[in-house]
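Survey of secondary and tertiary structure
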Amino acid sequence: MKVLIITGSGEKAFVAGADIAEMSNMTPLEAKKFSLYGQKVFRKIEMLSKPVIAAVNGFALGGGCELSMACDIRIASKNAKFGQPEVGLGIIPGFSGTQRLPRLIGTSKAKELIFTGDMINSDEAYKIGLISKVVELSDLIEEAKKLAKKMMSKSQIAISLAKESINKGIETDIETGNTIEAEDFSLCFAANDQKEGMSAFLEKRSPNFESK
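Residues numbered from 1 in each chain as written. Predicted model: local features only at pLDDT ≥ 70, side-chain atom pairs only at ≥ 80, totals over all residues. Heavy atoms only, no water.

**Section: the sheet that holds strand S1 (residues 4-7)**
Filter applied, for reference: If DSSP finds at least two bridges between two strands, the strands pair. Secondary structure elements are taken from DSSP: a helix is a run of H or I of four residues or more, a strand is a run of E of two residues or more, and numbering for both begins at the N terminus. Only C-alpha atoms enter the line fits that serve as axes; for helices the fit covers just the stretch in contact. Angles between N-to-C directions range over 0 to 180 degrees.
Within the open sheet, the four strands sit side by side as S1-S3-S5-S8. Their pairing is parallel. On the outer flanks of this sheet lie S1 and strand S8 (133-135), each paired with one strand and no other. On average, each strand axis in the sheet is tilted by 25° relative to the strand beside it, whichever way the strands run. One ladder, built from four bridges, connects strand S3 (residues 52-56) with strand S5 (residues 73-77); its direction is parallel. What sits directly across from Val56, in S5, is Ala76.

Structure below.
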C-alpha cells in the first residue's frame, strides 16, 4: 500500500457518527475508555507512514468529521456535510475533535462550530480550509485516485519523511520543528531516491525511484 483512500459506502454518509443508543448509558469511566480508544485508532491513521486521503461522500458528523480530520488530505463531494454536533447531546467531541479542528481551521472558527454544533456544507468547509477540494459525487473516487497516483509517482521515502516532519513539527514550537525538519531532510540523503531524483533532474529525464 502506497496511498490509502478512506470513503463511505453509498451516497448518503461518509460516517454519520457514533451509536447514540450505545453511548447513552455509559458511566464516566466507560466514556473515558471509549474516548481514549477512538483517539488511539485515529492517531494510528494520522501517523501512518503513507498518505491517507479522505474522500468524503456525504455526512461526516461527530466521529465522522473527526475521522476525516485524522486523514492527511480531505476532498469532498458537493453533497457532503461536516459538523461536530456533540454539544447538542450534552457532550463534547471525544475522538480528538477539540484538538484537530482548531489546528486545521483556527481556534475561533473551531470554537464556533463546536459550541453551536452547526453543520456546514462542502463549500463552506473548503472556504475555511477544512477540505482541499470540492467535486461532483460521481467524480469523487476518481479524483481521489488521481491524487493518489500523483503521490505514487514521487519518492515514497521523501513523502514519508515529509509527513513525519509535518505531523511532529506542527505539535511543537518552530525551533523544535526546524530541528525535526533538518533531521528528516538529512535522512533523505541516506537513500538512493535522493541520488536518483537529483540525477534525473540534471539529466532532464523522469526519475525511477526505488521506493515508487
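**Thoughts on the nonpolar core**
So the rule is basically this: Put simply, a nonpolar core is a bunch of buried Ala, Val, Leu, Ile, Met, Phe, Trp, Tyr and Cys residues held in one set by side-chain atoms that sit within 4.5 Å of each other. Each residue is placed in one exposure class: buried if its accessible area under a 1.4 Å probe, protein chains only, is under 20% of its type's maximum, exposed if it is over 50%, and partly exposed if it falls in between. Contacts are assigned to residue pairs with any non-hydrogen atoms lying within 4.5 Å of each other.
Counting residues in each nonpolar core, the largest one holds 27 residues, and the members touching the most others are Val56, Phe82, Leu101 and Leu130. When residues of this core are traced back to their parent elements, those giving at least two are helix H2 (28-46), S3, helix H3 (63-70), helix H4 (97-105) and helix H5 (107-116). For this core, the leading source of residues is H3, giving four residues. Apart from residues lying up to four places away in sequence, Val56 is in contact with Phe14, Ser68, Ile75, Ala76, Ser77, Ala80, Phe82 and Leu140. Grouped together as the second largest cluster of nonpolar side chains are nine residues, Ala55, Ile75, Ala144 and Ala148 included.

**Considerations on the layout of surface pockets**
Quick note on the threshold: Points on a 1 Å grid over protein atoms alone make up a cavity when a 1.4 Å probe fits among them but cannot get out, and a pocket when they form an open set with protein on both sides within 12 Å along at least five of seven lines; lining residues each have an atom within 4 Å of a point. Grid points are joined across faces, edges and corners, and a volume is the space filled by probe spheres set on the points. Classification convention: Asp, Glu, Lys, Arg as charged; Ala, Val, Leu, Ile, Met, Phe, Trp, Tyr, Cys, Pro as nonpolar; all other residues, Gly among them, as polar.
Of the volumes computed, that of the largest pocket is approximately 650 Å³. Lining the largest pocket are 26 residues; nearest its centre among them are Glu46, Cys71, Asp72, Ile166 and Asn167. For the lining of the largest pocket, the secondary structure elements donating two or more residues are H2, H3, S5, H4 and helix H8 (156-169). The element contributing the most residues to the lining of the largest pocket is H8, with five residues. Along the lines of polarity and charge, the residues of the lining of the largest pocket split into 13 nonpolar, five polar and eight charged. Estimates place the volume of the second largest pocket at around 520 Å³.

Spatial relationships are all this shows, so hold off on functional conclusions.
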